[in-house]
Amino acid sequence: MKTTVTKLLATVAAALTIFGMSTLPAFAAEGKSASNGNSVNISDVNATAETRALFDKLKNSGKGDLRFGQQHATDENISSSASQGDVYEMTGKYPAVFGWDAGLALRGAEKPGSGADKNANAKALAQNITDADSKGAIVTLSAHWCNPGTGKDFNDTTAVASELLPGGKYSGTFNKELDAIAATAQQAKRSDGTLIPIIFRPLHENNGSWFWWGATHASASEYKELYRYIVDYLRDVKDVHNLLYAYSPGGVFNGDSTDYLATYPGDQWVDVLGYDEYDSDDSADDSSAWINTVVKDMKMVSDQASQRGKLVALTEFGRSGDHKFKESGTGDKDTKFFSELAEALAENVPSTAYMMTWANFGGGGDNFQAYTPWKGSDGEADFKAFADSNKNLMASKDNVDYSNAPAAAMQNGSARIVTPVDGNRVTDTKVVVRVKTEGVKYSDLDLNSAIVTTDRGQNVKLKYSCNGYFTGILDLNAAGINLDQSKLTLTPQVKTKDGKTLAAADGNGSVTVKLGAKPEQTVDNVEDFDSYDNEAELQSVYSPNHSTKSNLTLVDSPEDNGTMAGNIHYDFVSYPEYNGFQRSYTPKQDWSGFSKLNMFLKADGSDHKFVVQVNAGGVTFEAYPKIDGADGHVVSLNFGDADGNGGDFAPASWDTAHAGMKLSQKLLSKVGSFALYINDNGGNRPKSGDLTLDSIKLDGKRDAYAPNTNPTPGNTAKAQSVDDFSGYSDDAAA
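This write-up is about the structure you can find in this document. Because the structure is a prediction, the values reported are computed rather than measured. (Residues numbered from 1 in each chain as written. Predicted model: local features only at pLDDT ≥ 70, side-chain atom pairs only at ≥ 80, totals over all residues. Heavy atoms only, no water.)

1. Some words on unusual backbone geometry
Counted only if it meets this: Note on conventions: DSSP H or I runs of at least 4 residues are helices, E runs of at least 2 residues are strands, and numbering of each starts at the N terminus. Only protein chains enter the calculation, and the probe is 1.4 Å; a residue is then buried if its accessible area is under 20% of its type maximum, exposed if over 50%, and partly exposed in between.
A cis amide bond links Lys111 to the next residue, Pro112, at an omega of 0°. Relative to the helices and strands, Pro112 is located in the loop between α5 (102-105) and α6 (118-134). Cis peptide bonds are those with omega within 30 degrees of zero, and the linkage from Thr586 to Pro587 qualifies with 0°. Tracing the chain through its elements places Pro587 in strand β23 (residues 578-589). The phi dihedral of His546 falls on the positive side, at around 60°, and the residue is not glycine. Checked against the element boundaries, His546 lands in the loop between β20 (543-545) and β21 (552-556). Residue class for His546 comes out buried when judged on its relative accessible area of 18%. Positive phi, normally seen in glycine, also occurs at Glu577, with a value near 80°. Its place among the elements puts Glu577 in the loop between β22 (564-571) and β23. Given the relative accessible area of 39%, Glu577 is considered partly exposed.

2. Brief notes about the sheet that holds strand β5 (residues 243-247)
Formally: For two strands to count as paired, DSSP must find a minimum of two bridges between them. Axis lines are fitted to C-alpha atoms, over the contacting stretch for helices. Their N-to-C directions set the angle, which ranges from 0 to 180 degrees. In what follows, a contact means two residues having at least one pair of non-hydrogen atoms within 4.5 Å.
Strand order in the closed barrel formed by eight strands is β1-β2-β3-β4-β5-β6-β7-β8, with parallel pairing between adjacent strands. Strand-to-strand twist of the sheet, defined as the mean angle between neighbouring strand axes without regard to direction, takes the value 30°. With seven bridges joining them, strand β6 (residues 272-279) and strand β7 (residues 311-319) adopt parallel strand pairing. Looking at the pairing, Leu273 lines up with Val312 of β7. Along the sheet face, helix α11 (residues 337-348) touches β1 (67-71), β6, β7 and β8 (352-357) and points at about 160° away from the line of β7.

3. Considerations on the sheet that holds strand β14 (residues 463-466)
Here five strands make up an open sheet; going across it, the order is β14-β15-β11-β9-β17 and the pairing mixed. With partners counted over all chains shown, the strands left at the sheet margins are β14 and β17 (503-504), one partner each. In this sheet, β17 lies alongside strand β9 (residues 414-419) in parallel orientation, the contact comprising two bridges. Each residue of the ladder has a partner; that of Ser414, found in β17, is Ala503. Where helix α8 (residues 220-237) meets the sheet, it contacts β9 and β11 (430-438), and its direction lies at approximately 115° from that of β9.

4. Considerations on the packing of aromatic side chains
Heads up, the rule is: Stacked, tilted and edge-to-face are the three classes assigned to paired rings of Phe, Tyr and Trp, where Trp is represented by its six-membered ring and a pair needs centres within 6.5 Å; plane angles under 30 degrees give stacked, over 60 edge-to-face, the rest tilted.
Within this structure, the stated rule accounts for 39 aromatic pairs. With a centroid separation of 6.4 Å and an interplanar angle of 65°, the aromatic rings of Phe200 and Tyr245 are classed as edge-to-face. With Phe200 in strand β4 (residues 198-201) and Tyr245 in strand β5, this residue pair connects regions lying 45 residues apart in the sequence. With respect to burial, Phe200 and Tyr245 carry one shared label: buried. Relative to Tyr464, the ring of Tyr442 has its centre 5.0 Å away and its plane inclined at 55°; by these criteria the two rings are tilted.

5. Thoughts on a positive patch on the surface
Inclusion rule: Each patch is assembled from residues with relative accessible area greater than 30% and no salt bridge, linking like charges that lie within 9 Å and nonpolar side chains (Val, Leu, Ile, Met, Phe, Trp, Tyr) that lie within 5 Å. Under the convention used here, a 1.4 Å probe and the Shrake-Rupley method define accessible areas, while residue burial counts only the protein chains that appear. Whenever a carboxyl oxygen of Asp or Glu lies within 4 Å of a side-chain nitrogen of Lys or Arg, that contact is scored as a salt bridge. Residues scored as positive are Lys and Arg, those scored as negative are Asp and Glu, and His as well as the terminal groups of each chain are ignored. Where a charge lies is defined by one atom per residue type, namely NZ (Lys), CZ (Arg), CG (Asp) and CD (Glu).
A cluster of basic residues, Lys152, Lys588, Lys666 and Lys670, forms a positive patch on the protein surface. On the secondary structure map, Lys588 appears in strand β23.

6. A closer look at the packing of α11 against helix α12 (residues 380-388)
Counted only if it meets this: For classification, angles of less than 35 degrees are called roughly parallel, those exceeding 145 degrees roughly antiparallel, those between 65 and 115 degrees roughly perpendicular, and all remaining angles oblique.
Two elements in contact, α11 and α12, have axes separated by 8 Å at closest approach and are oriented at 30°. Of the possible angle classes, the one that applies to α11 and α12 is roughly parallel. Seen from α11, the contacting residues are Phe338, Ser339 and Ala342; seen from α12, they are Asp382, Phe383 and Phe386.

7. Some thoughts on the pairing of β6
To keep it simple, the criterion reads: When the strands point away from the viewer, a crossover counts as right-handed if the route from the first strand across the helix to the second turns clockwise.
Summarising burial for β6: seven of the eight residues are buried, a large majority. The pairing of β5 with β6 spans two bridges and is parallel. Bridge pairing links Ala246 to Val272 in β6. Traced from β6 through helix α10 (residues 288-308) to β7, the parallel crossover comes out right-handed.

8. Looking at the side chain of Asp133
With respect to the helices and strands, Asp133 occurs in helix α6. Sequence-distant contacts of Asp133, that is, excluding residues within four places in its chain, are made with Arg190, Ile196, Val400 and Tyr402.

9. What to know about α6
Note: α-helices contain 3.6 residues per turn, so residues at a spacing of three or four share the same orientation. In plain terms, the rule: Multiplying one less than the number of residues by 1.5 Å gives the expected span of a helix. Polar contacts here mean pairs of N or O atoms no more than 3.5 Å apart (in protein, one a potential hydrogen donor and the other a potential acceptor; neighbouring residues in sequence count only if both atoms are side-chain atoms).
Helix length check: α6 (17 residues) gives 24 Å between terminal C-alpha atoms against 24 Å at 1.5 Å per residue, within 8%. All buried positions along α6 are accounted for by Asn121, Ala122, Ala124, Leu125, Ala126, Ile129, Ala132 and Asp133. Contact partners of the buried residues in α6: β2 (97-101), α5, β3 (138-142), α7 (171-187) and β4. The N-cap of α6, judged by a side-chain oxygen 3.0 Å from the amide nitrogen of Asn119 a few residues on, is Asp117. Positive phi shows up at Gly136, right after α6, with a value of about 90°.

10. Details of the pairing of strand β29 (residues 671-679)
Taking burial as the measure, the nine residues of β29 include nine buried ones, the bulk of the element. Here β23 runs beside β29; their pairing, made up of eight bridges, is antiparallel. Each bridged residue has a counterpart across the sheet, and for Ser584 the counterpart in β29 is Ser673. The pairing of strand β25 (residues 609-616) with β29 spans eight bridges and is classified as antiparallel. Along β29, the bridge assignment pairs Asn615 with Ser673.

11. Some thoughts on the pattern of salt bridges
Pairing is possible between side chains of opposite charge, provided their charged atoms come close. Applying the stated criterion across every chain yields a total of 30 salt bridges. Here Asp179 ties to Lys238 by a salt bridge, and the two come within 3.5 Å at their closest N and O atoms. Linking Asp179 in helix α7 with Lys238 in the loop between α8 and β5, this pair joins segments that are 59 residues apart in sequence. Classification of Lys238 as partly exposed rests on a relative accessible area of 28%. Here the salt bridges share partners, and the residues they tie into one network are Lys224, Glu225, Arg228, Asp232, Arg235, Asp236, Arg416, Lys436, Glu438 and Asp506.

12. Brief notes about the packing of α6 against α7
Test applied: By the definition used in this description, the sense in which the near helix is turned from the far one sets the handedness, with an anticlockwise turn below a right angle giving left-handed and a clockwise turn giving right-handed. Classification used: nonpolar for Ala, Val, Leu, Ile, Met, Phe, Trp, Tyr, Cys and Pro, charged for Asp, Glu, Lys and Arg, polar for all others including Gly.
The interhelical angle for the contact between α6 and α7, taken along N-to-C directions, is 40°, at an axis separation of 8 Å. Here α6 lies oblique to α7, going by the angle between them. Viewed along their axes, α6 and α7 form a crossing whose handedness is right-handed. Residues Lys118, Ala122, Lys123, Leu125, Ala126 and Ile129 of α6 touch α7, and the partners they reach there are Lys176, Glu177, Ala180, Ala183, Thr184 and Gln187. Of the residues contributing to the contact of α6 with α7, the split by class is six nonpolar, two polar and four charged.

13. Notes on the nonpolar core
Side chains of a nonpolar character, in soluble globular proteins, are inclined to be buried together. Rule in force here: Throughout, nonpolar core names a set of buried Ala, Val, Leu, Ile, Met, Phe, Trp, Tyr and Cys residues whose side chains join them through atoms within 4.5 Å.
Core analysis: the biggest nonpolar cluster contains 95 residues, and Phe68, Trp145, Phe200 and Met355 have the highest contact counts within it. Ranked by residue count, the leading element in this core is α8, at nine residues. Trp145 has contacts with Gly103, Phe154, Phe174, Glu177, Leu178, Ile181, Phe200, Pro202, Leu203, Trp212, Trp213 and Ile230, leaving out every residue within four places of it along the chain.

This is the structure we're talking about:
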């Protein structure tokens, strides 16, 4: 197999510059068969024996097998005397799982990286992985990658996902990040040269909107293709076979798999079904409510993993926000937090392989970060009792015993269109179509019959390029197809030499693109709900927060003007405390030329707390129109004068760092997001209901903010009656 791979790579080297990558299809090694009762459904059928053994070990986790993990387990600490980390100093034991962030470490932004030399940092990270393995710990890597398009940090949400795929503007840049991951994995070896298996968790928490790969910045189709690209590149191009791949959206899903699976890349690319969730509520004396939420979702994730022959893990959890461990080390509620969570998982989701918390970075004030207790803190004794409660929780020789390696199940052959991505827009009249085959040998492919058909009758001839890729060009002009805002559906047809058509990798295998550039929308039209072809498109623009995508729908406008409106359904039984949806802007928008925000609102008379949220200049501001009536009416929210005086918006109550700040024109010149929430106002108010909104527009024109000038305030709107905060709890909207 190795010889065949090497020869093929050499043969197609000239094609690499076309794609920015070259991949070999994955298929089971000779002698392996899915019919083998001991085989495992692993994403890399050529995975090392140790990697298959780790997969099998974690997949078969039972009630007493839960493992505890921590990011930066030994190289970050709160206690000044904790030379091997706070957990070890308290317990004399290491966590069973060690984590590092490869995206940060490889560019020198976190330990063990230092400086900009990726090769040196890869070597240092590999040495740390080797050290962790020698201590009896499994290793997992996440990746807070910089935005490959802008070079800025991971929270620069400029949309770039589709440009990282083959032929994309930034594909080569992104490949360098993957090259460093490969260099790390291939240098992580035991003294006898055995490669150490690693769990790699790229593109995590993608259902949130805080990363460039997240919701509203990358569509579900873009995310899935980018995730697959990462696996294909590392596994097949870089010949890395000691990685397991983890998929880990963030909670909450209320036990419903719909949103969890909305961006699932597929069984051929995923090994670990993960789940990230933090407890930030310090109002109760314990974390039982949060734990119940986690257990409900983890049961769902476990069910999905079981159906697919995958393993399940709580890939990231912790106490954060108001519930974080206090810098003083005293006054923390619920010091039995870890034991309570572990017991609940062991009892209700016994298949959970591990639970991984974040790093004890330290710091001070609002920036203090500790995710475990430390020596001398209130929680030390209870954490030690937790560590002693089960021998499998902590690192051990048995934990990294990879001697039992089952075979890898053979994968079914498939073909999919990689570019263009489903739902994207086509603006060039010559469309390059790339089709990727998986799970089939090159020698078995019928290279002459591959085509892509369109729903308008065209057949695009495909030519084999390299390592599973076929390409073809659809000339829209020659086909008489205009860039007229209509849709075009493409379907691949790739066969093997025995005449069998390869199955679709996702759905029916078709992708539908829009023809032509997106029509310009003026900045004052914040949202009219009329530009969406369907609810799926609407739901791809707004990210749910403590809700589900299906709770945001299109309805006939209550303004009775023949247009569409947006309906937010809230459900405090399924999603307690608050429900909301957020739209992020890339690039940031300039709202400074307007003095108010108008919207048509038809409420349900529930008298809950309606929150209109604007993030401007990095500060979150909120206004609270009343919803104690059911008549449709226009709500007008005033931004105030140039300095924000007299406005209806104030910093969110939970954003104590910006308390008292005003929504000035300067801040309004950089609006990063707009959100709508409904907070549970308690009492006898209904636990579910609906708000319908339309015609969300900026109004009250004034001179826009310009640096080093004094903008005129212009006409300000009459203040809308809003809450004075006296009747509500001080819960954050988000």
